[in-house]
Amino acid sequence: MANVDFSVRDSFGTKAGVIAAAAGSAIGLGNIWRFPYVAGQNGGGAFLLIYLGFILVIGFPVMLAELSIGRRAQRNALGSFKKLAPGKPWYLVGLMGVVAAFMILAFYNTIAGWTLEYLAQAVGNGFNGKSSDELKNSFEAFQSGTFRPVFWQLIFILLTGYIVFLGVKKGIEKYTKILMPLLVVLVVIIAIKSLTLPGAREGLVFLFKPDFSKISWTVILDALGQATFSLSIGMGTLITYGSYIQKNNNLANTVLKVTAADTAIAVLAGIMIFPAVFAFNIDPAEGFGLVFIVLPGIFEQMAGGYFFGILFFILLAIAALTSTVSIFEVIVAYFSEELNMTRHRATIIGSVALAFVGVFATLSFGPLSGALIFDKTIFEWFEYLSVNIMLPLGAIFLVLFVGWYLGRKNVEDELTSGGSLKVKLLGLFMIVVKFIAPIAITLVFIYGLGLIGKKDKKKSEPVADEQAFANNTFLPGRTIELFT
Ligand code: PHE
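What counts, and where the lines are drawn
- Residues numbered from 1 in each chain as written.
- Predicted model: local features only at pLDDT ≥ 70, side-chain atom pairs only at ≥ 80, totals over all residues.
- Heavy atoms only, no water.
- Helix = DSSP H or I, 4+ residues; strand = E, 2+ residues; numbered from the N terminus.
- Rg over C-alpha atoms; globule rule 2.2 N^0.38 Å.
- Buried < 20%, exposed > 50% of the residue type's maximum accessible area, 1.4 Å probe, protein only.
- Areas by Shrake-Rupley, 256 points an atom, 1.4 Å probe, with all protein chains shown as cover.
- Lys, Arg positive; Asp, Glu negative; His and termini not counted.
- Charge placed at Lys NZ, Arg CZ, Asp CG, Glu CD.
- Near = heavy atom within 4 Å.
- Polar contact = N/O pair within 3.5 Å; in protein donor to acceptor, adjacent residues only side chain to side chain.
- Nonpolar A, V, L, I, M, F, W, Y, C, P; charged D, E, K, R; others polar.
- Contact = heavy atoms within 4.5 Å.
- Salt bridge = Lys/Arg side-chain N within 4 Å of Asp/Glu carboxyl O.
- Patch = residues over 30% accessible without salt bridge, like charges linked within 9 Å, V, L, I, M, F, W, Y side chains within 5 Å.
- Axes fitted to C-alpha atoms, helices over the stretch in contact; angles between N-to-C directions.
- Left-handed = near helix turned anticlockwise from the far one by under 90°.
- Core = buried A, V, L, I, M, F, W, Y, C linked by side-chain atoms within 4.5 Å.
- Phe/Tyr/Trp six-rings, centres within 6.5 Å; stacked < 30°, edge-to-face > 60°.
- Lys NZ or Arg CZ within 6 Å of the ring centre and 35° of its normal.

Asker: So what's going on with the overall build of the chain? Which residues, and what values?
Answerer: Broken down by element type, the chain carries 19 helices and zero strands. Here the C-alpha atoms of the chain give a radius of gyration of 22 Å, agreeing with the 23 Å that 2.2 N^0.38 yields for 484 residues. Principal axes of the C-alpha set define a box for the chain whose edges measure 70 × 55 × 40 Å. Buried positions account for 58% of the 484 residues belonging to the chain. Carbon together with sulfur atoms contributes 67% to the accessible area of the chain, which is approximately 19,400 Å² in total. The distance from the centre of the 36 positive side-chain charges to the centre of the 29 negative ones in the chain is 11 Å.

Here it is, written out as structure tokens:
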């Protein structure tokens, strides 16, 4: 560690390293844990279709806009706006990003901690011989506990802090390059197994056949939130990473590869989960626990499942880690460049603050499950505010900034690396960032939040709770089950 030099601004070493780091940020729990659970709650096929539309029309341009801002300014999320628009209030967009980073990490670390628990269970052969009901019960029991979920969350915060402390090249770039491709291979193998289960067809129909009667503005807002979240856009992660990218890198090309990889993994995760959901008779709208209940069930039925289970949870934890690292980097880069802290100090202060806030999210499933604010737990508020509100809002301002403030000349200079690269469709990109993306996001926002028009009737969450009650996952139900 002694040879880590923090005096010069760190940067990614190679083009492959840039893609690995950006894809490492994008690919994470968002694809494997969140995409299936949100798609499941929002009716499947129609959600997927809208999600894919958002990736194309909003995801791609916003990601390109964000990387351009960062590389042009060579600063953290907030500092970039200060440098490019001195004396203007644009830096508030960066500030919102830093706040969003805190909120996302607060709930993300909870789930990341769950992956470590499941790794430990996989090693201990804990899924062996369990029915899907038993897997569900043991998930609920773990999740609503106090010590273990908090313990794993803290371990995860430590791991993230350690890698961020090591710095961009030696920490982030090195690991993602090797591990991400391995994750893809494993997801494909598990998906193939899932497809051979009886009832798999139904799962595919659920995922791919759009039922348009399921579409509502809240579904559309959920799809937008999920698209921004999964691509890591809207809060300055990619401004920060963009600031570490060398000037001769072809940003549009990088964005194309990262977006394609991220989307492919989300869809593959769907193919891995939904056939098994129907085969095991699980409610697709099960919610937060969906993959943690379904995956062990697949491993249990699979030849070599013990081995695959361990490998899968190792890789999932690493996928989560390369994402938490990228979010935490937003905070650390901000602390160190704007508040003049050393990287070391910034990492420690950031980690302690996160541990403090994050514990409330983790305990939302157990001791604090009754602490509801307008019928959402603390965890749900962190998730909802950051994913459905702050990321889309951030995305609006990012594209507006690039379209209207930076303007075509600067954008052209940035995307062509000073004229040395050819870039097609620049005119279209400018139209999208100036008009199409901001108008589309604003509309989804206004209707999705019910600011105009009638508010949608509530989604399936309360129904899912009743379901949980009926399925004996609440304590009174379980007691009854014990005695019958
Ligand atoms: N995209 C990451 C995932 O899918 C999460 C993330 C969100 C990372 C926002 C950075 C910024 O898991």
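Asker: Residues and numbers for the site of the ligand, please.
Answerer: Neighbouring the ligand are 15 residues; A26, G30, Y108, F229 and S232 lie closest to it. L29 places a polar main-chain atom, nitrogen or oxygen, 3.1 Å from an oxygen atom of the ligand. Between the ligand and S232 there is a distance of 3.0 Å, counted from a nitrogen atom to a side-chain nitrogen or oxygen. For the ligand, whose accessible area on its own is 320 Å², the fraction buried by protein is 100%. Sorting the residues of the shell around the ligand by element identifies α1 (15–26), α2 (29–41), α10 (217–230) and α14 (305–338) as the ones contributing at least two each. Classifying every residue of the shell around the ligand by side-chain character gives six nonpolar, nine polar and no charged.

Asker: Describe unusual backbone geometry, with residues and values.
Answerer: Positioned with a positive phi, N340 is a non-glycine residue whose angle comes to about 55°. Its place among the elements puts N340 in the loop between α14 and α15 (343–363). Exposure remark for N340: the relative accessible area of 68% places this residue in the exposed category. Unusually for a residue other than glycine, L425 sits at a positive phi of about 60°. Residue position: L425 is located in the loop between α16 (378–415) and α17 (426–448).

Asker: An account of the environment of S194 is requested, with residue identities and associated values reported.
Answerer: For S194, the position within the fold is in helix α8 (residues 168–195). On the basis of relative accessible area, S194 is assigned to the buried category, the value being 0%. Sequence separation between S194 and R34 is 160 residues; the distance between their C-alpha atoms is 18 Å. Ignoring sequence-local partners within four residues, the contact set of S194 consists of A200, I271, M272, P275, A276 and I298. Here M272 takes part through its backbone oxygen, which lies 2.8 Å from a polar atom of the side chain of S194.

Asker: Go over the pattern of salt bridges with me, naming the residues and quoting the values.
Answerer: All chains considered together, the criterion is met by 10 salt bridges. Close ionic contact of E414 with R72 constitutes a salt bridge, the shortest N to O distance being 2.6 Å. Separated by 342 residues along the polypeptide, E414 in helix α16 and R72 in helix α3 (residues 45–73) bring together distant segments of the chain. By relative accessible area, which is 3% here, E414 ends up buried.

Asker: Give a detailed account of a nonpolar patch on the surface, specifying residues and quantitative values.
Answerer: A surface patch of nonpolar side chains, amounting to about 780 Å² of accessible area, comprises L56, V57, W404, I431, F435, I436, I439 and L443. Breaking the nonpolar patch down by element, the ones donating at least two residues are α3 and α17. Tracing the backbone shows I431 in helix α17.

Asker: A description of the packing of helix α5 (residues 91–123) against α16 should follow, citing residues and the corresponding values.
Answerer: Contact geometry of α5 with α16 gives a least axis separation of 9 Å together with a crossing angle of 145°. Crossing of α5 against α16: the hand is left-handed. For the pair α5 and α16, the contacting residues are V93, M96, V99, A100, M103, I104, A106, F107, T110 and I111 in the first and F379, F382, E383, L385, S386, V387, M390, L391, L393, G394 and F397 in the second. A per-class count over the contact of α5 with α16 returns 17 nonpolar, three polar and one charged.

Asker: A description of the nonpolar core should follow, citing residues and the corresponding values.
Answerer: Ranked by size, the top nonpolar core spans 164 residues in total, and within it W33, M272, F312 and F313 carry the most contacts. Sort the elements by how many residues they give to this core and α14 lands first, with 20 residues. The residues contacting W33, other than those within four sequence positions of it, are F107, I111, F288, V291, F292, F379 and E383.

Asker: Outline the packing of aromatic side chains, supporting the account with residue identities and numerical values.
Answerer: Tallying each qualifying case throughout the model produces 40 aromatic pairs. Summarising the aromatic geometry, the rings of Y108 and F229 are spaced 6.1 Å apart at their centres and angled 50° between planes, so their arrangement reads as tilted. In this pair, Y108 sits in helix α5 while F229 sits in helix α10, placing the two residues 121 residues apart along the sequence. Comparing Y108 with F229 shows no difference in burial state: the two are buried. The ring of Y384 has K376 sitting right over it, with the charged end atom 4.6 Å from the ring centre. It is K434 that lies over the ring of W404; its NZ or CZ is 4.7 Å from the centre.

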